[in-house]
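# Reading the structure
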Amino acid sequence: MEFSEYIKTANVEDVVLRQPLHPPGRGTLCITGHHLLFSDREEGSCRQVLLLLRNIDAIEKSVENLLTCSGLFSNAGLSQRLSGSSGTITIKCKDLRVLQLDIPGMEECLNIARSIETLSCLDSMSELYPFFYRPSNASLWDQWGLLSLERHYSQMKELHDRWRLSTVNRDFSVCPSYPQAVIVPKSTDDDMLEKVAKFRQGGRFPVLCYYHKKNGMVIMRSSQPLTGANRKRCREDEQLLQAVIDGSDKGYIIDTRSSQQALQARMTGGGLESKSCYSSWKRLQRQMERGKALQESLIKLVEACRDESNNMDRWLSKLENSKWLSHVQTALSTAGLLAECVERDGHSVLVHGSEGTDSTLLISTLAQLIMDPSCRTLEGFLTLLEREWVQAGHPFQQRCAHSAHSHARLQQESPVFLLLLDCVWQLWRQFPLALGFSEALLLRLATEAYASDYGTFLGNNQQERCTLGVKENTHCLFQALLRPRERDCYSNPLYEHTELAIWPSVHPQSLQLWRGFFLRWTPQTHHLEEAQEEIRNMVIEWGKLALSSCPAST
Amino acid sequence: MEHIRTPKVENVRLLDRSSGQRKASIGTLYLSATHTIFVENNPETRKESWVLHSMVSSVERTPTIPAGSQVILRCKDFRVFQILVPQERDCLDVHTSLVRLSRPEKYSELYCLSFNPNVNKEERQESWSFMDLTADYKRMGLPNNLWVSTAANSEYRVCETYPSELYVPKSATPPIIVGSARFRSRGRFPALSYFHQDTLAAVCRCSQPLSGFSGRCQEDEAMLQALMRANPGSDYIYVVDTRPKLNAMANRAAGKGYENEDHYTNIKLHFIGIENIHVMRSSQQKVIDVGEMRFPSMTDFLYGLENSGWLKHIKAILDAGLFIARAVADEGVSVLVHCSDGWDRTAQACSVASILLDPYYRTIRGLMVLIERDWVSFGHKFSHRYGHLDGDPKEVSPVIDQFVECVWQLSEQFPCAFEFNERFLVAIHTHIYSCQYGTFLGNCQKERRDMRLGERTHSVWPELWKERAQYTNPLYRAEQSQSQGVLRPNTTPYCFKMWKGLYNHAEKSTPPRQSPADFLSTVREESQQLEEELANQQEVPPGGTPHHHLGFRQEDSSPDRGANHVGGGSEEED
C-alpha cells in the first residue's frame with residue numbers, strides 16, 4: 001500500500017496511553033494506513049484501543065529529555081532508552097476525546113506524529129477507510145441505503161395526483177448537488193425545471209421535501225433565487241411556486257437569512273422572492289447562524305467545557321459567549337415556526353437560505369420530526385436523515401473535515417449536522433416517550449459524521465458518491481444501525497407512538513447543554529448512562545413478566 | 001375573621017401562569033380565614049384553586065385599567081396568580097384583606113393551629129412519634145464507647161436553641177461542656193451531627209468561639225481535644241469555618257471569630273466561603289426574576305443566571321459538604337463545622353455531608369430524619385428564615401431552599417442514587433413555608449415545646465410518608481452501585497443547572513406532556529404485581545390483563561427481543 005511511505009515507524013513498544021475514564025496503560029503502539037492501534041501489555045489485561053486516524057482533529061507533540069522527566073512509570077525504570085529522550089503526543093479527537101501517548105525515543109515520537117498528521121487528513125477520498133472496511137458480518141452485495149426517492153414516491157400514493165417524480169437530474173447536469181430523482185409539481189415539465197435551476201443558486205430548484213398528510217400542505221426547499229442587482233425574474237420559477245399553492249390562498253417562504261443579508265445577497269447575484277412577483281407568497285425572514293460563525297461557536301463551547309478554573313461565573317459567561325445554545329434555540333424556534341405554518345395555519349412553505357444545503361435542511365428536518373410521527377421511529381429517523389441530508393446534498397466532506405480542536409485554517413467546516421443532532425436531543429429530552437431512538441444513536445451519528453468505517457457520509461453529494469462508487473465499494477451505516485443487536489441498543493425503551501405533533505419549548509430554561517456529547521468523556525455522563533441502562537432493564541424485565549403471565553397470548 | 005373586608009367577589013378573572021395557563025378563567029373569589037379560594041364559573045369543570053394565606057409572600061395592586069383592577073399574588077413556592085377584579089372598590093378590599101391575612105402577627109393565626117384533619121388525639125400523638133431521632137443515633141451505632149448521650153442540656157439549661165438530647169465525646173464532662181458553651185456564640189457548644197461507623201470519624205457542629213483577638217478558654221480547648229480523642233484513627237481534627245475568611249476575621253473585632261491555631265493543638269482550620277443570609281436572600285430574588293422573564297433570549301437568561309450568583313452559592317455549599325465527607329470517609333478525620341451562630345451555613349454543610357456519607361439519608365425516610373436532626377432539632381430558625389410571622393425582613397433567607405436544591409443537583413448527577421423524586425423535594429419545600437403542620441414552626445425545640453405544638457398541631461412527616469408512592473424515584477435500587485457508599489459528586493461548574501422544577505412554573509411543555517418517571521413507576525408497579533401473581537401461581541384475571549393499557553410494547557418490540565421474552569417467561573414458570 002502506498003501509505004507505507006508515510007509511515008517511518010510502524011511499531012513502538014513501551015508506550016503509555018492515558019485516556020479519559022480509564023487508568024493509564026502501558027503497551028505497544030502500532031500505526032497503519034488508517035488506524036492507531038494500542039495494545040495493553042499489563043498483566044491481566046489485554047485491552048486494545050483502535051482509533052481511526054480520520055477521527056483525529058489535531059495533535060500536539062512535545063519532546064523532552066527523559067533524564068529530567070519523571071513519568072508515571074519512571075520508578076519501574078523498565079524502558080529508559082539509552083538515547084535518553086522521549087516524547088508526548090496529545091491527540092484531540094473529533095468526538096472530543098483527548099488521549100495522550102508517552103513514547104520513548106524522540107525520533108519514534110516525531111515519526112508517529114508526522115504519520116498521524118499526514119494520514120488523518122488525506123485529501124483523496126478513495127483512500128479513506130470506508131473503501132477498505134470489510135466486516136465479516138456484512139457483504140458488499142447487501143442493500144445500500146434505506147429508501148430511494150423513487151420508492152419513497154411510489155409508496156406515497158396521496159402524492160400521485162399533483163406531484164410527479166422527475167429525473168431531469170439523472171446525470172447531475174441540472175443540479176450537481178441534487179439526487180438523480182426529485183419530486184416536483186405535476187404541472188411543471190423538465191424543460192421548465194432546467195430553466196428554474198438556472199435561476200437558483202447551484203441549480204437547487206424548489207423540490208418537495210415533505211407532504212403533510214393531515215391537510216395536504218407541503219414543505220418545499222431550494223436555494224436562493226438569482227435575482228441579482230437588477231432584479232431579474234424567472235416566469236418558470238414563479239409558475240412552479242404557483243403550482244405548489246394550487247388553489248389555496250397563499251404560502252409562506254421562510255428565508256433563513258435576515259432581511260438585510262437577503263438584500264445584500266443581490267449584490268453578489270443572489271436575492272429573494274419579491275412581493276410583486278410572488279404575490280401569493282408571504283416571506284418570513286429568520287436569521288440563522290451558519291458557516292464560520294457556527295464553527296467558532298463550537299470551538300468556544302468545547303473550550304469552555306475544558307476550562308478547569310472551577311469558577312461558576314466564568315463558566316456561565318463562557319457558555320453564554322459561545323452562543324451555541326442560542327443557535328439551538330434559533331434552530332428549534334424557526335423549525336417550530338415552519339411546523340406551525342404547515343400544521344396549524346394550513347399553508348405550504350418554501351424554505352431556503354442562500355445555498356440551501358445547511359440551515360435549510362436543518363429546519364426542514366426538525367419540522368418533520370415535530371409534525372410527522374413516522375419520522376420518529378428509529379428507522380423513520382434514519383430514513384429522514386438519508387433523504388434530507390445525504391441525498392439532499394449536505395456537503396458532509398467539507399463541513400465535517402475538522403471539528404473543534406483543529407488549528408488549521410477553517411475553510412468550509414461548519415457543525416450544522418451536529419447542531420441538528422443537538423436539537424434532536426433537546427426534542428428527545430423534552431419528549432422522552434415520543435422518539436423511537438436513544439441518545440446513544442445521536443452520539444454514534446455525531447461520531448460517524450466526522451470519521452467513519454462506513455461510506456454513508458462520504459463526499460458532498462450523490463454525484464460525488466456515484467463517481468467514487470461508494471455504493472459498490474463501501475458499507476452503509478444506516479443498514480448497519482438497523483441490525484438486530486444495534487437496533488436494541490439504539491432504540492428507546494420508553495417509546496410510545498403518538499400521532500400528535502411534539503411542539504418543543506424554546507424557553508432558555510427548557511434548553512440544556514447536551515452533556516452526553518460535550519461532556520462525554522467525564523465520569524458524570526457515566527452515571528447518566530447507568531440510569532438509561534436501568535430504564536432499559538426495567539422495561540425489558542417488565543416485558544418478560546407480562547409475557548410469562550399471559551402465555552395464552554403468545 | 002375581622003381582617004376580611006369582603007368574603008366574596010364575583011366575575012373575577014384569574015390567571016395562573018405557573019400552571020401553564022394562557023387565558024384567564026372567570027369565576028368567583030372567596031376569602032376565608034386561611035385561604036384565598038377561586039372557583040371557576042365554567043359549570044363543567046368548576047375548577048377550584050386554593051391558596052393558603054401563609055404561602056403568600058407579597059400582594060401587589062397594579063394601576064386600574066378599564067377592565068378592572070388587578071391584584072398580583074406572589075407565593076413562597078414561586079407561583080404567581082393574577083387576579084382581575086371588575087370593581088375597584090372590591091379590589092381595594094381584597095388587597096387590604098390579603099395584605100393583612102398574609103402577614104400573621106401571632107402563631108395562633110397560623111393555619112396549623114386551626115388545621116384539623118380527621119384524626120383523633122391518639123393518632124395525632126402517634127403522628128409525632130413517627131420521627132424518632134434516638135433511633136437514628138442508634139442506627140449510627142450510638143451511644144458507644146466513644147460517644148455518649150449527655151443530659152447537660154436537658155431543660156435547655158446550657159443552650160436554649162439546642163435540643164435536649166445531644167451526643168458528645170465520652171471524655172467531655174459536664175464542666176467541659178458548660179465551659180465550652182460559655183465560650184461559644186449563643187452557647188452552641190460542639191456536639192455530634194453524624195457518626196461514620198466505617199472510619200469512626202464524626203461530623204460535629206457548633207457556633208463561632210468568642211475569642212476576639214486573643215481570648216481563649218481551657219474547657220473549649222479540652223472539648224476539641226475530646227473530639228479528637230473520640231476518633232482513635234486520627235491525631236488531629238478539621239475545624240471547618242464555612243464563612244469567607246474575611247468575614248470570620250471581621251467577627252474578631254466583635255469579640256467573636258475563629259479558633260486560634262496556636263491555642264488549639266492538633267486542629268487544621270479550613271475556610272469554605274459560603275456567603276451570609278443577606279447575600280443569599282438577594283441572590284435568590286434575582287433567580288426568581290430570571291425565572292419570571294417572559295420571553296428571554298438565551299443571552300438574557302444566561303446573563304441573568306450568572307448575575308444572580310445563585311449557582312455559585314449552591315456550588316459553595318456542595319463543596320463544603322464534599323470537603324467534610326472526604327475528610328471523614330477518605331482520611332478518617334473528624335470535622336467540627338461552624339459558621340457564626342451555627343444554625344444556617346453549618347446546618348447546610350453538615351446535612352449535605354450526611355447525604356454524601358450515608359445512603360440512608362438518600363431514602364425517603366432518611367431525608368426526613370436528616371432534616372429533623374440537622375435543621376429542626378438543632379435550632380434552625382424556621383419561623384424567622386421563612387417569614388412565618390410578620391417580622392424583620394432581614395431575618396428572612398432561603399437557607400434550607402439551598403440545601404434542598406443541593407440534594408436536587410445531586411439527584412440530577414446520580415439519577416439512581418435517591419429513593420425520592422423531585423416532587424418530594426418540592427413538597428418538603430412547600431411545607432416548610434406553608435405552616436400547615438407544626439413541624440417547622442418556631443425557631444428551636446424549646447419554643448415548640450413551650451407552644452405545646454405536639455398537642456395543638458400535626459406533624460408533616462407521617463403525611464409525607466403516607467404519600468410516599470408518588471414521591472418514589474422508579475430508578476432507585478438500594479442494591480445498585482450508585483446507591484451505595486459515599487457519593488462523590490463532581491462540582492465542576494458545568495454540573496450545575498437552574499432548578500426549573502422549583503423556580504420556573506411558567507414554562508411547561510404543551511401536550512403531550514411526558515414524564516418518563518410516571519411511566520417507569522407504572523412499569524415498576526406492574527412488574528411487582530406480575531411477579532406476585534406469578535409467585536402465587538394465580539390465574540390471570542379474565543377480561544383484561546393488568547398490562548393491557550401499556551400493551552403497545554408487545555407489537556413494537558423487535559422479534560429477537562420477543563424471543564427473549566418467551567425464554568425468560570418459561571424459566572419463570574418452571
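Chain B appears in an unreviewed UniProt entry as Myotubularin phosphatase domain-containing protein from Champsocephalus esox.

As annotated in an unreviewed UniProt entry, chain A is Myotubularin phosphatase domain-containing protein from Champsocephalus esox.

### Observations concerning the packing of aromatic side chains
Residues and elements named next belong to chain B. If you walk through the whole model with that rule in mind, you get 34 aromatic pairs over all chains. Ring centres of tyrosine 238 and phenylalanine 323 lie 5.2 Å apart, and the angle between their planes is 75°; this geometry places the pair in the edge-to-face category. Here the residue tyrosine 238 occupies a position in strand S12 (residues 237-241), and phenylalanine 323 occupies one in helix H9 (residues 310-331), the gap between them amounting to 85 residues. Where phenylalanine 382 meets tyrosine 386, the ring centres are 5.7 Å apart and the plane angle is 55°; that geometry is what we call tilted. The class for phenylalanine 382 is buried, based on a relative accessible area of 0%.

### Concerning the pattern of salt bridges
Residues and elements named next belong to chain B. Inspection of every chain in the model, using the stated rule, returns 55 salt bridges over all chains. Between aspartate 220 and arginine 184 there is a salt bridge, and its shortest N-O distance comes to 2.8 Å. Taken as a pair, aspartate 220 in helix H5 (residues 218-229) and arginine 184 in the loop between helix H4 (174-182) and strand S10 (191-196) lie far apart in primary sequence, 36 residues in all. The residues aspartate 220 and arginine 184 share a single accessibility class, namely buried. With a closest N to O distance of 2.7 Å, arginine 385 and aspartate 344 form a salt bridge. Pair noted here: arginine 385 is in helix H12 (residues 382-385) and aspartate 344 is in the loop between strand S14 (335-338) and helix H10 (345-357), with a separation of 41 residues, a long-range link. Exposure class is identical for arginine 385 and aspartate 344. Each is buried. One salt-bridge network, in which partners are shared between bridges, spans Asp136, Arg139, Arg205, Asp358, Arg373 and Asp374.

### Concerning the UniProt feature "binding site: substrate" (unreviewed entry) in chain B
Residue and element names in this part refer to chain B. Feature annotation in UniProt places "binding site: substrate" (unreviewed entry) on Asn276, Ile277, Cys339, Ser340, Asp341, Gly342, Trp343, Asp344 and Arg345, given in this structure's numbering. Of the residues just listed, which span 70 residues, no C-alpha pair is farther apart than 12.5 Å, and they cluster in one region. Position of serine 340 among the secondary structure elements: in the loop between S14 and H10. The exposure class of serine 340 is buried, given its relative accessible area of 17%. With respect to the secondary-structure elements, aspartate 341 resides in the loop between S14 and H10. Taking the relative accessible area as the measure of exposure, aspartate 341 reaches 17% and is therefore buried. Aside from chain neighbours lying at most four places away, what touches aspartate 341 is Ser185, Arg186, Arg188 and Ser207. Here serine 185 takes part through its side chain, which lies 2.9 Å from a polar atom of the side chain of aspartate 341.

### What to know about unusual backbone geometry
The omega torsion of the bond from Leu142(B) to Pro143(B) falls at -5°, within 30 degrees of zero and hence cis. Inspection of the secondary structure puts Pro143(B) in the loop between helix H3 (133-139) and strand S8 (147-150). Positive phi, close to 65°, is recorded for Asn310(A), a residue that is not glycine. Positionally, Asn310(A) belongs in the loop between helix H6 (291-306) and helix H7 (312-322). Given a relative accessible area of 37%, Asn310(A) falls into the partly exposed group. Although it is not a glycine, Glu155(B) adopts a positive phi angle of roughly 60°. On the secondary structure map, Glu155(B) appears in the loop between S8 and strand S9 (166-169).

### What to know about the environment of Leu420(A)
All names here are of chain A. When you line up the elements, leucine 420 lands in helix H12 (residues 416-430). For the pair leucine 420 and alanine 446, spaced 26 residues apart in the sequence, the C-alpha separation amounts to 9.8 Å. The contacts of leucine 420, once residues within four sequence positions are left out, are Leu362, Thr365, Leu366, Leu385 and Trp389.

### Thoughts on the side chain of Asp401(B)
Residues and elements named next belong to chain B. Locating aspartate 401 in the fold gives a position in helix H13 (residues 399-413). Arginine 385 is the oppositely charged side chain nearest to the buried, salt-bridge-free aspartate 401, at an N-O distance of 10 Å. In this structure the side chain of aspartate 401 is engaged in a polar contact, spanning 2.8 Å, whose partner is the side chain of tyrosine 433. With residues up to four places along the chain from it excluded, the contact list for aspartate 401 reads Phe78, Gln284, Tyr386, His429 and Tyr433.

### Description of the sheet that holds S12(B)
Residue and element names in this part refer to chain B. The sheet built from 5 strands is open, its strands ordered S10-S11-S14-S12-S13 with mixed pairing. Each having just a single partner strand, S10 and strand S13 (267-271) make up the two edges of the open sheet. Sheet twist, expressed as the mean angle between neighbouring strand axes with direction ignored, is 20°. Where S10 meets strand S11 (residues 201-205), 5 bridges bridge the pair, whose relative direction is antiparallel. Bridge pairing links phenylalanine 195 to alanine 202 in S11. Its contacts with the sheet place H9 against S10, S11, S12, S13 and S14, and it is angled at close to 175° to S12.

### Some remarks on empty space enclosed by the protein
A probe matching the size of a water molecule, rolled over the atoms, marks out where space remains unfilled. Residue and element names in this part refer to chain A. For the structure shown, the criterion picks out 7 cavities of 30 Å³ or more. One number sums up the size of the largest cavity: a volume of about 180 Å³. As for the largest cavity, its lining consists of 17 residues, of which Arg54, Gln397, Tyr450, Ala451 and Leu458 are closest to the centre. Sorting the residues of the lining of the largest cavity by element identifies helix H11 (396-399) and helix H13 (439-450) as the ones contributing at least two each. Per-element accounting of the lining of the largest cavity gives the leading share, 3 residues, to H13. Taken together, the residues of the lining of the largest cavity sort by class into 13 nonpolar, 2 polar and 2 charged.

### Quick look at the nonpolar core
Ranked by size, the top nonpolar core spans 261 residues in total, and within it Ile91(A), Leu445(A), Phe518(A) and Phe403(B) carry the most contacts. Take this core: its biggest share by element is 14 residues, from H9(B). Among residues more than four places away in sequence, those in contact with Phe518(A) are Leu96(A), Leu298(A), Leu301(A), Val302(A), Cys305(A), Trp324(A), Asp422(A) and Leu513(A). If you look at the next biggest cluster of nonpolar residues, it comprises 33 residues, including Met156(A), Val174(A), Ile253(A) and Trp281(A).

The rules behind each value
- Residues numbered from 1 in each chain as written.
- Chains lettered and ligands numbered in written order.
- Predicted model: local features only at pLDDT ≥ 70, side-chain atom pairs only at ≥ 80, totals over all residues.
- Heavy atoms only, no water.
- Phe/Tyr/Trp six-rings, centres within 6.5 Å; stacked < 30°, edge-to-face > 60°.
- Helix = DSSP H or I, 4+ residues; strand = E, 2+ residues; numbered from the N terminus.
- Buried < 20%, exposed > 50% of the residue type's maximum accessible area, 1.4 Å probe, protein only.
- Salt bridge = Lys/Arg side-chain N within 4 Å of Asp/Glu carboxyl O.
- UniProt positions renumbered as here; feature names shortened; annotations may be inferred.
- Contact = heavy atoms within 4.5 Å.
- Polar contact = N/O pair within 3.5 Å; in protein donor to acceptor, adjacent residues only side chain to side chain.
- Lys, Arg positive; Asp, Glu negative; His and termini not counted.
- Pairing = 2+ DSSP bridges.
- Axes fitted to C-alpha atoms, helices over the stretch in contact; angles between N-to-C directions.
- 1 Å grid on protein atoms, 1.4 Å probe; cavity = no way out; pocket = protein on both sides within 12 Å on 5 of 7 lines; lining within 4 Å.
- Points joined across faces, edges and corners; volume = space filled by probe spheres on them.
- Nonpolar A, V, L, I, M, F, W, Y, C, P; charged D, E, K, R; others polar.
- Core = buried A, V, L, I, M, F, W, Y, C linked by side-chain atoms within 4.5 Å.

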